[in-house]
Amino acid sequence: MATTISGSVRRPEPQALASAVEALAARFGNRLITSQAVREQHAHTTTWLPTQPPDAVVMAQETADIQDVVRICARHGVPVIAFGTGTSLEGQVNAPAGGVCIDLRDMNQVLEVHAEDLDCVIQPGVTRKALNEHLRDQGLFFPIDPGADASLGGMTSTRASGTNAVRYGTMRENVLALKVVRGDGEIITTGTRAKKSAAGYDLTHLFVGAEGTLGIISELTIKLRGIPETIAAAACSFETVRGACQATILAIQTGIPLARIELLNAEQVRACNAYSKLTLPETPLLLLEFHGSEIEVAEQSKNFGEIARECGGGDFTWTTKPEDRTKLWQARHDAYWSVKALRPGAGVVATDVCVPISRLADCVTETEDDLKQLNLLSPIVGHVGDGNFHCSLVCDVDNKEEMARGEEFMHRLVERAQAMGGTCTGEHGIGQGKQKYLEAELGVEAIDAMRALKQALDPQNIFNPGKIVPVG
Ligand SMILES: Cc1cc2nc3c(=O)[nH]c(=O)nc-3n(C[C@H](O)[C@H](O)[C@H](O)COP(=O)(O)OP(=O)(O)OC[C@H]3O[C@@H](n4cnc5c(N)ncnc54)[C@H](O)[C@@H]3O)c2cc1C
């Protein structure tokens, strides 16, 4: 598999690809699909990054299927791209060099649940909602909740998080062990069900966030939590975005164990009200959730209420009714689509910076000012308890001038966050869209180390080539 200048990859020789597809057809029959429509569905579809479809798609049903696809692709030097549910936002599932996409959605079995140890073993195609549906009757839940109903294999590979991360961490803190198919088709076991381990290099966390560039996850062992005794959700409106951010900073610094604290600026609230048929006050808003015993929840919300008043926050409405809570959080999870609905046909791209908590208010308010200055439409929503927020930038992709303003805005936002000690991506990953920011953030030495790891674990560069750090 030939790779050329950094950042670009070259397609395999046509004969090599034809031989690989022939071998896959013999092995998988009608589970090998080459129709244009299906190939395009397996490329990047969520933002304005260009769609680059694979040459073929294989529907995997078991680990042996993944091993055989990898072995056939390795034999012919053909790229292989894992596919969970395709909701990633930085071009992670695109196929710039073509190749074979392995669709893992049919590997959707919950293999073991160890309620007594608060963990379970699952296949990579299990989605977060399906897992929680499976666990509900056992009083257990899996807290990591990206807005989309993503697969656990994809969430692990993008180091995803969501609205519950402020209390329960990201995928990094919730994956105990993995089984990974490596370049020769053999399986790496990265850990055990032990809650902690110091056994050698931490391979589990090397593959968490690797975006399918080092191997393909065929099985996961993840942590579970007991469903809290009391769950209360609340909405608290603020006079200013800075006030809402200040309240968040104080709540985190004073150690209130918030389960969720999400910021929506007024523009985002308007979009959510319109899309999700809500009547939230159209001011800067914090959506909150408290978990614990009845007494603990009352204590947490009282403490937060005091902080909110200090920061220009009004009284907050709260509810413990499951149907109200579900409606509120579904609206939050639909924030991205509510923005898309603001200008049908326009492109939307979600930024994803994350800064140290004390810099949150400065970063968000300077960003709002920059949007006004550049005259761009971009509602803001964020997992602010982690210092992470998203601007859903709306641009007409055919309007070169508006796109140029959009690109300039995103560049300035990343520079602002990195200057504050933060990162260009809190949870969406690098993929193709954020490669250009990595060296400024981590330095060339870190890039060299990543490249060395890639070349050591995937010397043929067949695993999702052209992503994170393209090999030189
Ligand atoms: C409306 C919306 C809201 C979102 N909200 C959030 C949010 O709140 N937080 C957040 O973190 N993300 C969010 N996302 C982004 C997205 O949901 C996450 O990146 C998610 O983790 C992607 O999972 P997926 O199953 O769709 O993976 P895919 O998009 O299919 O794949 C993602 C990457 O993982 C690799 N991969 C997939 N499965 C495997 C495997 N088994 N082994 C190895 N590599 C694999 C793929 O090759 C690709 O590089 C949102 C997306 C949308 C559309």
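Thresholds applied
- Residues numbered from 1 in each chain as written.
- Predicted model: local features only at pLDDT ≥ 70, side-chain atom pairs only at ≥ 80, totals over all residues.
- Heavy atoms only, no water.
- UniProt positions renumbered as here; feature names shortened; annotations may be inferred.
- Helix = DSSP H or I, 4+ residues; strand = E, 2+ residues; numbered from the N terminus.
- Axes fitted to C-alpha atoms, helices over the stretch in contact; angles between N-to-C directions.
- Parallel < 35°, antiparallel > 145°, perpendicular 65-115°, else oblique.
- Left-handed = near helix turned anticlockwise from the far one by under 90°.
- Contact = heavy atoms within 4.5 Å.
- Nonpolar A, V, L, I, M, F, W, Y, C, P; charged D, E, K, R; others polar.
- Core = buried A, V, L, I, M, F, W, Y, C linked by side-chain atoms within 4.5 Å.
- Buried < 20%, exposed > 50% of the residue type's maximum accessible area, 1.4 Å probe, protein only.
- Domains from an automatic or database assignment.
- Buried area = accessible area lost by both parts, 1.4 Å probe.
- Salt bridge = Lys/Arg side-chain N within 4 Å of Asp/Glu carboxyl O.
- Polar contact = N/O pair within 3.5 Å; in protein donor to acceptor, adjacent residues only side chain to side chain.
- Near = heavy atom within 4 Å.
- Areas by Shrake-Rupley, 256 points an atom, 1.4 Å probe, with all protein chains shown as cover.
- Pairing = 2+ DSSP bridges.

## Remarks on the UniProt feature "domain: FAD-binding PCMH-type" (unreviewed entry) in the chain
1) Next: Within this structure's numbering, the places UniProt gives as "domain: FAD-binding PCMH-type" (unreviewed entry) are residues 50-227.
2) Next: A helix fraction of 23% and a strand fraction of 24% characterise residues 50-227, whose end C-alpha atoms lie 41 Å from each other.

## Examining the packing of helix H1 (residues 14-28) against helix H3 (residues 63-76)
1) Next: At a minimum axis separation of 9 Å, H1 and H3 run at an interaxial angle of 155°. In terms of their interaxial angle, H1 and H3 are classed as roughly antiparallel. Seen from above, H1 lies across H3 with right-handed handedness. Taking contact as the criterion, the partners of Ala 16, Ser 19, Ala 20, Ala 23, Leu 24, Arg 27 and Phe 28 in H1 are, on H3, Ala 64, Asp 65, Asp 68, Val 69, Ile 72 and His 76.
2) Next: When the residues that make up the contact of H1 with H3 are grouped by side-chain class, the tally is eight nonpolar, two polar and three charged.

## Points about the nonpolar core
1) Next: Grouped together as the largest cluster of nonpolar side chains are 55 residues, with contacts concentrated most on Leu 286, Leu 288, Phe 304, Phe 389, Leu 393 and Phe 409.
2) Next: Counting contributing residues, this core receives three or more from each of domain 3 (230-336) and domain 4 (343-456).
3) Next: What Leu 286 contacts, discounting residues up to four positions off in sequence, is Ala 234, Ala 235, Cys 236, Phe 238, Ala 244, Ala 247, Thr 248, Ile 261, Glu 262, Leu 263, Phe 304 and Val 384.
4) Next: One finds Leu 178, Val 180, Ile 188 and Ala 210 within the second-largest nonpolar core, a separate group that totals 26 residues.

## Focus on the side chain of Asn 164
1) Next: Its location among the elements puts Asn 164 in the loop between helix H5 (152-157) and helix H6 (165-168).
2) Next: Filtering out sequence-adjacent residues up to four positions away, Asn 164 remains in contact with Pro 143, Asp 145, Gly 169, Ala 259, Arg 260 and His 291.

## Side note on the environment of Thr 320
1) Next: Its place among the elements puts Thr 320 in the loop between strand S15 (313-319) and helix H12 (322-333).
2) Next: In this structure Thr 320 comes out as partly exposed when scored by relative accessible area, which is 46%.
3) Next: C-alpha separation for the pair Thr 320 and Phe 290, spaced 30 residues apart in sequence, amounts to 9.6 Å.
4) Next: If near-sequence neighbours (up to four positions away) are discounted, Thr 320 is found in contact with Ile 231, Ala 232 and Arg 325.

## Some words on the domain arrangement of the chain
1) Next: For the chain, the assigned domains are domain 1 (2-105), domain 2 (110-226), domain 3 (230-336) and domain 4 (343-456).
2) Next: Each of domain 1 and domain 2 has a C-alpha centre, and the two are 23 Å apart.
3) Next: Facing 17 residues of domain 1, the contacting portion of domain 2 comprises 19 residues.
4) Next: When the two sides are added together, the surface that domain 1 and domain 2 hide from each other amounts to roughly 1300 Å², 64% of it contributed by carbon and sulfur.
5) Next: Inspection of the region where domain 1 meets domain 2 yields one salt bridge.
6) Next: The residue Arg 71 makes a salt bridge to Glu 186 at a minimum N-O spacing of 2.8 Å.
7) Next: Viewed at the interface, domain 2 and domain 1 are joined by four residue pairs in polar contact (both at pLDDT 80 or more).
8) Next: Of all the elements in the fold, those that place two or more residues in the side of domain 1 that touches domain 2 are H3 and strand S3 (80-83).
9) Next: Of the residues forming the side of domain 1 that touches domain 2, the biggest block, six residues, is contributed by H3.

## Observations concerning the site of the ligand
1) Next: The environment of the ligand is formed by 36 residues, the closest being Ala 82, Thr 85, Thr 87, Ser 88 and Ser 151.
2) Next: The contact in question runs from an oxygen atom of the ligand to an N or O atom on the side chain of Thr 85, over 2.6 Å.
3) Next: Between the ligand and Glu 427, the relevant distance is 3.0 Å, taken from a nitrogen atom to a side-chain nitrogen or oxygen of the residue.
4) Next: Notes on the ligand: free accessible area 990 Å², of which the protein chains cover 97%.
5) Next: Mapped by element, the contributors of at least two residues to the shell around the ligand are S3, H5, strand S10 (216-223) and helix H13 (335-340).
6) Next: The dominant element in the shell around the ligand, judged by the number of residues it contributes, is H5, at four residues.

## Here's the deal with the sheet that holds strand S8 (residues 175-181)
1) Next: What the five strands build is an open sheet, ordered S5-S6-S10-S8-S9; its pairing is antiparallel. Bordering the open sheet on either side are strand S5 (110-114) and strand S9 (187-189), each of which pairs with just one other strand. Taking each pair of neighbouring strands and ignoring which way they run, the sheet shows an average axis angle of 15°.
2) Next: Most of the contacts of H3 go to S10, to which it runs at about 140°, and overall it touches S8, S9 and S10.

## Some details on the sheet that holds strand S1 (residues 32-33)
1) Next: With mixed pairing, the four strands of this open sheet are ordered in space as S1-S2-S4-S3. Because the sheet does not close on itself, it has two edges, and the strands there are S1 and S3.
2) Next: Of the strands in this sheet, strand S2 (56-59), S3 and strand S4 (100-103) touch H3, which is tilted by about 175° from S4.

## Brief notes about the pairing of strand S17 (residues 380-383)
1) Next: Of the two faces of S17, both are covered, the one formed by Ile 380 and Gly 382 as well as the one formed by Val 381 and His 383.
2) Next: As paired elements, strand S13 (residues 260-264) and S17 share two bridges and run antiparallel to each other. Among the inter-strand pairings, Leu 264 is bridged to a residue of S17, identified as Val 381.
3) Next: Across four bridges, the pairing between S17 and strand S18 (residues 388-395) is antiparallel. Counterpart to Gly 382 in the pairing with S18 is Phe 389.

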